[in-house]
Amino acid sequence: MADGDLLVTISGAALSLLFYENVRSVGEQMGFLLGEALEFIVKTYTDSDNQVETIKIHINVETIMTCPLSDILYDSSGRINKEKLKDFVRDKSRQVIGWFRFRRNTSNLTPTMRDKVLHKQFASHFSSGNGCREDFFLTCLLNASISETRGTHKFRHVFLRHKRGMFEPIPLRINNLGDDASRHDGSDYKPTPVRKSARLPDGFTELIESLKLDMMRKSGLDSAMMIQKAAEQHLMSLIPKVCESDLEVAELERQVRELKDKIMGQRLIRKMKMNGESYERTSKANRENCFSEKIDSSTKDEMKISDDMRLQKEQIPSCAQPVTSNSWTQSRNTAACIAKSVTNQEKIRRGRGNLQEDSNQQQDVTQNSPCTNSRRSVPEIVTESICQENNEASMGRGRGRGRGNPDFMPGMKKGRRNPNTSQVHSRERSITPEQDFSDAECSAAVSLSSTVLR
Amino acid sequence: MLNQQHPLLNTIDSYIEPLLKRVLQTKRLGVSYGPIKLDSVSSSCNKNKNDCFKLSIPYAGEHLMWNVLFDSQCPEMGPDFIFNDQNFLMNPDIDILSTWVPSLVKWNPNETDALLNVLMELLLYYKEHQIQLLGKQGDRLQLEYSTLVGETEICKEDIEVMMLLGLKPAEARFLIRISMDYTRLPPRMNKSQNDEAMLLVTFYGPDWNRISPQLYLSKTLEDAIGRPESLHIPPLPPNKYLMDYVPEVIKFMEEKINSAVQCFESRKEFIVFLLVLQRGSIVEYDAIEFNWIIILLEHRDFHFLIHFNLPSIFPKEKPQITLQSVYHVTSQGILYREVLDDAPYSPRWPMKLMVDKLLTYIIENAVQKFQANSIKNNRF
């Protein structure tokens, strides 16, 4: 099979989700690519009437799944923990067609030693489950770098597969909207894959069907508007859930991080070989902290202040607070921001439904006064976020990558995907005030099709 | 002190710093003598503390550039690597990797030696990788390596092999450490580092039948036995094998060391006799390496200095004798001096006779002429 017949296809929404998830992570990030490898048989006739069949394989990435606590999946040498991997991926296992790794501030997109080791293990682990061939398993490497003047942000990516001991790049094609992910360039016929796992129709299709549109009677514009409205309602209904689960995830991640920092700090102290009494006191104090369910930052302050523990005083801050807390606050703000922007958007839409000509004007107005008379405000989120921020400022890292206590995993898995898609879109739309209808339809469709997972 | 040598070290995240410091302090990793260098640093997340860096590791006369990637977000996670040699660990297997690099499997960031151990194990694995490459390049190189390890005293740890297949023409390099007893060598000034001798043999051309050996000596060893260019190491014809050649080089080196020791003893003896015979007139002399001595003599109320400079291969080469007047200044403003060329000399003379003959010649023949010249050239 020629290389030209192998393609990675991805929808714009999935790609933007991938980038978004990476950009908002503090440092490195890894995760899995979910989708399906589709096989097409194209029959062509030569001049001498010979029928030639060519097989084309398109690996379609439908969505992604980030892994915030990657260190629980593998150890330092890169050996994966299959049990935890199964726990993490759960029912998505059959859809995993690849994995990705994002790094900041690197110039080259070469797989590292651990990447190669992981790829092989992931490939054999997931290929046995979904029947996809091992050499079609993907590695996607992404990086971001900033120019010297910090004026240019560069994002690069490459899709690789492992074949005969080598990593070779595969071209990527970004699909247009709709279900024509499989369409070949320049062909009007839509080929159907030979083998496609029977799955439920995606969210967008479901939505369209639920509307029972009568295309013959209604004008295209009205239909588009209906679709958009429905999409937005769907989106709106998702937002509270997303906010809730996102906050929950963030909180759990924070706790995990805190506990981990404590463990690290404890180890360091033990290493310092303190004199007997103070050593016992610290370890006791730490143990108490570790077991206390609700982490109380005042205990920590106490520990730091205790004056007979000079060494500890030096050690704990260095290990327990290695990162600033902006990532956490950022994510909190994101939640609030979504709430705001979405309510805005809805208002705009409503306005537009009534007075279509004036919609642009009204949009401007609402844009200028974002918080006033939103139909459904989410006040509890906003207030909560403020006080949480204050608490956070002295503590750990917030979300992005984490370091994990496996016990927290089930909670973290919940609803990770949905938040992100909706966030992407609400944001995107809030910055483009002048939307025509095709755009509206497009963004609604995009956001829904990428939530296909749930 | 190390922080001053490596200003980049201060920008490294605090939990990595002790590990890296330990690596940079290491004098030797593998055969090549030379420290590991910290090349460039960067951060995996946008913090002001860096957690990724590039190390330059000496190996077989080359420098391996290894990117070491830590993650400040996961301090308990061990380092990841990108090797400049793409062929190394191109298709790693987790089980094989774990057996070669056990320190990475049981990574403990609180252990200061953790990174050093991982690097050492990886370097050993790299060597094994190169030896495997060597085996794929025909019998000659494989035979050279196996006989060198099996038939000579050279042990595996003293050989580093490197296949440079990307070069035109492709090269195979053997770096062999010549380990011998350097303590016999006479004491030297500025002996800050240890003595080291390396033999770098490069094979190239069709069937690897073009061979060029090169000897590398550490600076202090160069001072003791001469620069490699002037040493004229034995030639290595294509039909000779390393297992025969390397012992030859070792023997050659031993001879050089012996002669250096002998020369040192002769110089010492020469100076000792001068000290004994002219003990009242010694101005100063080199009491460590015995390279020179200055005495002050008087002949018919004319005082003059005699500088004896003993060459490193004394007594094969005669000492350089310089007379210097204490009264007469040249137009340049320095004391008038003259090199004595025609003093009688034979390397076979016993030292006592040599010293006697030289002094007698100076007093009886050279001084009058020197005195006359001094007065003639006097500026005043």
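Each residue is numbered by its place in its chain's sequence as written, counting from 1. Whichever chain is written first is A, and whichever ligand is written first is 1; the rest continue in order. Local features are withheld for residues below a pLDDT of 70 in this predicted model, meaning they are given only at 70 or higher, and side-chain atom pairs are given and counted only at 80 or more; totals for whole chains, interfaces and linings count all residues.

Caption draft 1: Seen up close, the overall build of chain B. Helix and strand definitions follow DSSP, with helices as H or I runs of at least four residues and strands as E runs of at least two, each counted in order from the N terminus. Helices and strands together make up the secondary structure of chain B, namely 10 helices and 13 strands. Residues with at least 20 other C-beta atoms within 10 Å of their own are called buried, those with 12 or fewer are called exposed, and the rest are partly exposed. The C-beta atoms themselves are positioned from the backbone. Classification of the 380 residues of chain B by burial places 32% in the buried group. Placing a C-beta atom from the backbone of each residue, one calls two residues in contact when those atoms lie within 7 Å. The long-range fraction of contacts in chain B, counting pairs at least 24 apart against all pairs at least 6 apart in sequence, stands at 49%.

Caption draft 2: Seen up close, the sheet that holds strand β1 (residues 6-11) of chain A. Residues and elements named next belong to chain A. Across the sheet, eight strands lie side by side as β7-β6-β5-β4-β2-β3-β1-β8; this open sheet has mixed pairing. One side of each edge strand has no neighbouring strand; the edge strands of this open sheet are β7 (166-170) and β8 (172-175). Averaged over all pairs of adjacent strands, the angle between their axes in this sheet comes to 35°, without regard to strand direction. Bridging between strand β6 (residues 153-163) and β7 involves five bridges; their strand directions are antiparallel. Pairing of Lys 163 across the sheet is with Met 166, part of β7. Geometry is summarised by axes, namely lines fitted to C-alpha atoms with helices restricted to the contacting stretch, and by angles between N-to-C directions that run from 0 to 180 degrees. Strands in contact with helix α1 (residues 12-24) are β1, β2 (29-45), β3 (51-67), β4 (96-104), β5 (138-146), β6 and β8; relative to β3, the strand with the most contacts, it is inclined by about 35°. Strands were regarded as paired on the criterion that DSSP finds at least two bridges between them.

Caption draft 3: Representation of the sheet that holds strand β11 (residues 302-309) of chain B within the structure. Residues and elements named next belong to chain B. Across the sheet, five strands lie side by side as β9-β10-β11-β12-β13; this open sheet has antiparallel pairing. Each of the sheet's edge strands pairs with one partner strand only, and the pair in question is β9 (282-285) and β13 (335-340). Strand-to-strand twist across the sheet, computed as the mean angle between neighbouring axes with direction ignored, equals 20°. Summarising the sheet, strand β10 (residues 292-299) and β11 pair through eight bridges and their orientation is antiparallel. Looking at β11, one finds that His 299 is bridged to Phe 302. Here helix α10 (residues 351-377) sits on the sheet and contacts β10, β11, β12 (320-329) and β13; the angle it forms with β12, its principal contact strand, is near 40°.

Caption draft 4: Quick look at unusual backbone geometry. Residues and elements named next belong to chain B. Residue Phe 314 is joined to Pro 315 through a cis peptide bond whose omega torsion reads 10°. Along the chain, Pro 315 turns up in the loop between β11 and β12. Here the phi dihedral of Ala 60 falls at roughly 50°; this positive angle occurs in a residue that is not glycine. We classify Ala 60 as buried; it has 25 C-beta atoms within 10 Å.

Caption draft 5: Molecular detail of the confidence of the model for chain A. All names here are of chain A. Scored between 0 and 100, pLDDT is the confidence that the predictor attaches to each residue. Mean pLDDT over chain A works out to 66, with 52% of the residues at or above the 70 mark. Least confident of the elements in chain A is helix α11 (residues 379-392), whose mean pLDDT is 39; most confident is β4, at 91. Counting contacts from residues 346-454, a segment whose pLDDT is below 50, to residues more than four positions away or on other chains yields 219 contacts.

Caption draft 6: Molecular detail of the interface of chain A and chain B. Across the contact, 30 residues belong to chain A and 31 residues belong to chain B. Sorting the residues of the side of chain A that touches chain B by element identifies β4, α3 (113-130) and α5 (220-271) of chain A as the ones contributing at least two each. Here the element with the most residues in the side of chain A that touches chain B is α3 of chain A; it accounts for five residues.

Caption draft 7: Inspection of the nonpolar core at higher detail. Counting 137 residues, the largest nonpolar core has Leu 33, Ile 64, Ile 97 and Phe 100 of chain A together with Ile 176 of chain B as its most contacted members. Tallying contributions element by element places helix α9 (residues 242-277) of chain B first for this core, with 12 residues. Not counting the four nearest positions on each side in its chain, Ile 176 of chain B is found in contact with Ile 154, Asp 158, Ile 159, Met 198, Leu 199 and Val 246 of chain B. By convention in this section, buried Ala, Val, Leu, Ile, Met, Phe, Trp, Tyr and Cys residues joined through C-beta atoms within 7 Å make up a nonpolar core. Listed in part, the seven residues of the second largest apolar core include Ile 227, Ile 239, Val 242 and Cys 243 of chain A.

Caption draft 8: Focus on the pairing of β5 of chain A. Residues and elements named next belong to chain A. Pairing analysis gives seven bridges linking β4 to β5, with the strands arranged parallel. Opposite Gly 98, over in β5, you have Leu 138 as the bridge partner. The pairing of β5 with β6 spans nine bridges and is classified as antiparallel. Considered in β6, the bridge of Leu 142 is made with His 157. In this structure, the hairpin formed by β5 and β6 is closed by a connection of six residues, where Arg 150 is found at a positive phi of approximately 60°.

Caption draft 9: Focus on the packing of α9 of chain B against α10 of chain B. All names here are of chain B. Relative orientation of the contacting elements α9 and α10 amounts to 60°, with a least axis distance of 9 Å. The angle between the axes of α9 and α10 places the two elements in the oblique class. The interaxial crossing formed by α9 with α10 has right-handed handedness. Side by side, α9 and α10 meet where Glu 269, Phe 270, Phe 273, Leu 274 and Leu 277 of the first sit next to Met 351, Lys 352, Met 354 and Val 355 of the second. Grouping the amino acids of the contact of α9 with α10 by side-chain chemistry returns seven nonpolar, no polar and two charged. An angle below 35 degrees is read as roughly parallel, one above 145 as roughly antiparallel, one from 65 to 115 as roughly perpendicular, and any other as oblique. Crossings are assigned a handedness: left-handed for a near helix turned anticlockwise from the far helix by less than a right angle, right-handed for a clockwise turn. All amino acids are sorted into three groups, where Ala, Val, Leu, Ile, Met, Phe, Trp, Tyr, Cys and Pro are nonpolar, Asp, Glu, Lys and Arg are charged, and the leftover types, Gly among them, are polar.

Caption draft 10: Fine view of the packing of helix α6 (residues 139-151) of chain B against α9 of chain B. All names here are of chain B. α9 packs onto α6 with a crossing angle of 50° between their chain directions and a minimal axis gap of 8 Å. In terms of axis orientation, α6 runs oblique to α9. Of α9, the residues touching α6 (which contributes Glu 144, Thr 147, Leu 148 and Glu 151) are Leu 242, Met 243 and Val 246.

Caption draft 11: Highlighting the confidence of the model for chain B. Looking at chain B, pLDDT values average 86 and 97% of them are 70 or higher. The ipTM, which scores confidence in the relative placement of chains, is 0.78 for this predicted complex, and the corresponding pTM is 0.68.

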